[in-house]
Amino acid sequence: MNNSFIELYSDTKTRPSAGMLAAMTAAETGDEQAGEDPTTNRLCGMVAELLGKEAAVFLPSGTMCNQIALAVHCRSGDEIIADETAHIINFEVGGAASIAGAMIRPAPGAHGIFSAEQVANAIRPDVRHMPKSRLVSVEQTSNLGGGTVWPLETLGQVSTVAKDAGLLVHMDGARLMNAVVASGVAAADYAALTDTLWIDLSKGLGCPIGGVLAGSKAFIEEAWFWKQRLGGSMRQSGVIAAAGIYALDHNVDRLAEDHENARVLAEVLHGVDGVSVPLETVQTNIVIVDVSNIGKSAPEISAELLAKGVRMGALDKQRLRAVTHLDVSREGVERAGEIFAEVCAG
Ligand SMILES: *Cc1c(COP(=O)(O)O)cnc(C)c1O
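Residues numbered from 1 in each chain as written. Predicted model: local features only at pLDDT ≥ 70, side-chain atom pairs only at ≥ 80, totals over all residues. Heavy atoms only, no water.

Colleague: Go over unusual backbone geometry, please, and point to the residues and values.
Modeller: With an omega dihedral of -10°, the bond running from Gln140 to Thr141 counts as a cis peptide bond. Inspection of the secondary structure assignment puts Thr141 in the loop between β5 (133-139) and α7 (152-164). Phi at Val93 takes a positive value of approximately 55°, unusual for a residue other than glycine. For Val93, the position within the fold is in the loop between α4 (87-90) and α5 (95-100). (Helix = DSSP H or I, 4+ residues; strand = E, 2+ residues; numbered from the N terminus.)

As structure tokens, then:
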């Protein structure tokens, strides 16, 4: 890491490694919009195969993956069921409303994970004066849930209830590969319970940019219209797609290290007087820390941490979030834990 501080703000802060940069420099390129970029085509093929879907499309961001999927699936006025903590509700600038024209009905899940029964309760009856329930969206892992992993069984139950009622299932798989490494369940097994899903390359996988959205051939054809419409079509995107290929080849198994580091950090922080971490939610690379008993607000603690060389964001007045990734070492999280304890004591 060439920052002078220990960066726990997000796994989006990773820098491309020397090996990744070399792969990018060596990439064969062409016009992506015309389907002529061989490296991008290869990346899409790899992700489609990884997820067991017919086709995939490369997009500049995870947000665009979500927004295009929602726009393809929903007609104006339709309703989406998602957890109340979902990224599509909280961090996408109302895109579901403004781009897809859809409403989102929030489900009160447990740490980002809702049940089949909650879905059944949220599905609208088929009457003239109610919105049409169209889609269930799940987030793997749940970001604001603390990096929790959707168990395959729960996802299967949710998917069955959705399908039986004629709804589609979408997965925001920003951190799907973290779930895969933590659970040992294959990505394609989760994917088989969804109609569409995507993975982010620019989070724990360590790429500078990009997400890949996958689904049926017909879905991806529709997705291309939206990609074009939103300005997401690219030209010699092979230089960034090469980073994605490199990441899938080199940066997946190592996510286990990030999970171990998150666990170490969570236990240290939970041991600090007045601090609590819901340890059962620390299943991957995210640690949510409750500081409501410290006598300082989370933003105050965040500022003091930064002054002492640790960057951790405040989620609200009471909670901070730490995210481990390939640019933070075991030594780094141990040091961060010590500094956190000093700040809370001082
Ligand atoms: C980061 C994130 C996104 C958006 O991805 P970007 O590549 O940053 O646009 C969507 N969903 C979840 C759960 C995320 O964590």
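Past the structure itself, the notes keep going.
Colleague: Explain the packing of helix α1 (residues 18-25) against helix α11 (residues 238-250) to me, using residue names and the numbers behind them.
Modeller: If you want to describe how two helices pack, look at the angle between their axes and the distance between the axes. For the pair α1 and α11, interaxial distance at closest approach is 8 Å and the crossing angle is 135°. By the angle class used here, α1 and α11 are oblique. For α1 against α11, the interelement crossing comes out right-handed. Listed contacts from α11 to Gly19, Met20, Ala23 and Met24 of α1 are Val239, Ile240, Ala242, Ala243, Tyr246 and Ala247. For the contact of α1 with α11, the residue count by class is 9 nonpolar, 1 polar and no charged. (Axes fitted to C-alpha atoms, helices over the stretch in contact; angles between N-to-C directions. Parallel < 35°, antiparallel > 145°, perpendicular 65-115°, else oblique. Left-handed = near helix turned anticlockwise from the far one by under 90°. Contact = heavy atoms within 4.5 Å. Nonpolar A, V, L, I, M, F, W, Y, C, P; charged D, E, K, R; others polar.)

Colleague: Just give me the short version of the layout of surface pockets, but keep the residues and values in it.
Modeller: The volume enclosed by the largest pocket comes to roughly 460 Å³. The wall of the largest pocket is formed by 26 residues, among which His87, Phe91, Asn143, Lys203 and Arg321 lie closest to the centre. Those elements that provide at least two residues to the lining of the largest pocket are α3 (62-73), β7 (196-200) and β11 (313-314). Of the residues in the lining of the largest pocket, the class split is 7 nonpolar, 12 polar and 7 charged. Of the residues that make up the lining of the largest pocket, three or more belong to each of domain 1 (18-250) and domain 2 (254-345). In terms of lining, the second largest pocket is formed by 15 residues, of which the most central are His111, Leu144, Gly145, Ile288 and Arg319. The dominant element in the lining of the second largest pocket, judged by the number of residues it contributes, is strand β9 (residues 286-290), at 3 residues. (1 Å grid on protein atoms, 1.4 Å probe; cavity = no way out; pocket = protein on both sides within 12 Å on 5 of 7 lines; lining within 4 Å. Points joined across faces, edges and corners; volume = space filled by probe spheres on them. Domains from an automatic or database assignment.)

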